[in-house]
Amino acid sequence: MNRLTFLLLFYSRIILLPAQEMGFVSPVNIPMELTGNFGELRQNHFHAGIDIRTNGATGLPVSSIADGFISRISVSPSGYGKALYVTHPNGYTSVYAHLEHFMPEIESWVREQQYRSQSFGLNIYPDSGLFPVKKGERIGFSGNSGSSGGPHLHFEIRDTRSEHPVNPLRLD
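Residues numbered from 1 in each chain as written. Predicted model: local features only at pLDDT ≥ 70, side-chain atom pairs only at ≥ 80, totals over all residues. Heavy atoms only, no water.

## What to know about the nonpolar core
Looking at soluble globular proteins, one finds that nonpolar side chains tend to be buried together.
For step 1, the next point in the chain: Membership of the largest hydrophobic core comes to 27 residues, with the highest contact counts inside it found for I73, L84 and Y96.
For step 2, the next point in the chain: Looking at this core, the elements that each hand over two or more residues are β2 (50-53), β4 (68-75), β5 (82-87), β6 (92-102), α2 (104-117), β7 (122-124) and β10 (152-159).
For step 3, the next point in the chain: In terms of residue count, the dominant contributor to this core is β6 (four residues). (Core = buried A, V, L, I, M, F, W, Y, C linked by side-chain atoms within 4.5 Å. Buried < 20%, exposed > 50% of the residue type's maximum accessible area, 1.4 Å probe, protein only. Helix = DSSP H or I, 4+ residues; strand = E, 2+ residues; numbered from the N terminus.)

See the structure below:
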């Protein structure tokens, strides 16, 4: 399979949904200025989310876009750096990446898991009842962790079952 065929097949799997079906709120309380767009071609992949400008600052509050629970926590010196995945009852999962840190309760639990596993890097799936979140509830703070080229929030929405990306620009 040549590269163009692969890219067309991958891109054709990206899901687009009407905004009114989602009912989500913005993950940040600042004007939505983008530094990276959904679906744009990167060096070896299509960008699966949007990059929200934080005006060169870290530590801006990041909130859950809807009710749900934190279903995955990832910590890595590369890639998404510190990232949270929130599963919502409507069949979608939101992803918040390159975070500076999580809310204290989450941060403390993550640190405990790091010591337990004797590893900085983690990819863990907490029980659904451990970290429930409400729409608009603060879950972390924007940052520059992982393979980030500067402070911003990388934000994605995925279909929970398939994990295929959904265009976040289609939000209300």
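The discussion continues.
## Brief notes about unusual backbone geometry
For step 1, the next point in the chain: In this model, N55 sits at a positive phi of 55°, which is unusual for a non-glycine residue.
For step 2, the next point in the chain: Tracing the sequence through the fold places N55 in the loop between β2 and β3 (61-63).
For step 3, the next point in the chain: A positive phi is found at Q118, a non-glycine position, where the angle reads about 55°.

## With respect to the pattern of salt bridges
A pair can form between side chains of opposite charge whenever their charged atoms are brought close.
For step 1, the next point in the chain: With the rule as written, the count across this model stands at four salt bridges.
For step 2, the next point in the chain: A salt bridge links E107 to K82; the shortest N-O distance between them is 2.6 Å. A residue pair is termed long-range when its members are at least 10 positions apart, and E107 in helix α2 and K82 in strand β5 qualify at 25 residues.
For step 3, the next point in the chain: The exposure class of K82 is buried, given its relative accessible area of 14%.
For step 4, the next point in the chain: Put simply, E163 and R158 hold a salt bridge, and the shortest N to O gap is 3.5 Å. (Salt bridge = Lys/Arg side-chain N within 4 Å of Asp/Glu carboxyl O.)

## Examining the packing of aromatic side chains
For step 1, the next point in the chain: Evaluation of the coordinates by the stated rule reveals three aromatic pairs.
For step 2, the next point in the chain: For the ring pair F24 and Y92, a centre distance of 6.2 Å and an interplane angle of 85° mean the geometry is edge-to-face. With a gap of 68 residues between them, F24 in the loop between α1 (3-12) and β1 (34-36) and Y92 in strand β6 connect regions that are remote in the sequence.
For step 3, the next point in the chain: Judged by relative accessible area, which is 4%, F24 ranks as buried.
For step 4, the next point in the chain: With a centroid separation of 5.5 Å and 75° between ring planes, the pair formed by W109 and F131 is classed as edge-to-face. Residue W109 is found in helix α2, and its partner F131 is found in the loop between β7 and β8 (132-133); the two are separated by 22 residues along the sequence.
For step 5, the next point in the chain: Here the basic side chain of R72 rests over the ring of Y85, its NZ or CZ set 4.3 Å away from the ring centre.
For step 6, the next point in the chain: Over the face of the ring belonging to F102 we find K82, whose NZ or CZ atom lies 5.3 Å from the ring centre. (Phe/Tyr/Trp six-rings, centres within 6.5 Å; stacked < 30°, edge-to-face > 60°. Lys NZ or Arg CZ within 6 Å of the ring centre and 35° of its normal.)

## Quick word on the layout of surface pockets
Rolling a probe over the atoms, with the probe sized like a water molecule, indicates the empty space that remains.
For step 1, the next point in the chain: The calculated volume of the second largest pocket comes to roughly 170 Å³.
For step 2, the next point in the chain: Forming the boundary of the second largest pocket are S71, R72, Y85, T87, T93, Y125, R158, D159, T160 and E163.
For step 3, the next point in the chain: Those elements that place two or more of their residues in the lining of the second largest pocket are β4, β5 and β10.
For step 4, the next point in the chain: Tallied by class, residues from the lining of the second largest pocket come to two nonpolar, four polar and four charged. (1 Å grid on protein atoms, 1.4 Å probe; cavity = no way out; pocket = protein on both sides within 12 Å on 5 of 7 lines; lining within 4 Å. Points joined across faces, edges and corners; volume = space filled by probe spheres on them. Nonpolar A, V, L, I, M, F, W, Y, C, P; charged D, E, K, R; others polar.)

## Quick look at the environment of N123
For step 1, the next point in the chain: Locating N123 in the fold gives a position in strand β7.
For step 2, the next point in the chain: What N123 contacts, discounting residues up to four positions off in sequence, is R72, I73 and S74. (Contact = heavy atoms within 4.5 Å.)

## Quick look at α2
For step 1, the next point in the chain: For α2, with 14 residues, the first-to-last C-alpha span of 20 Å sits near the 20 Å given by 1.5 Å per residue.
For step 2, the next point in the chain: Buried within α2 are the following residues: I106, E107, V110, Q113 and Q114. The arc enclosing the buried residues of α2, seen along the axis, measures out at 125°, which places them on a common side. In α2, the exposed positions angled more than 90 degrees off the buried face are occupied by P104, E105, Y115 and R116.
For step 3, the next point in the chain: Contacts made by the buried residues of α2 are with β4, β5, β6, β7 and β9 (138-142). (Expected span 1.5 Å × (residues − 1). Arc of directions from axis to C-beta.)

These figures capture arrangement, not role.
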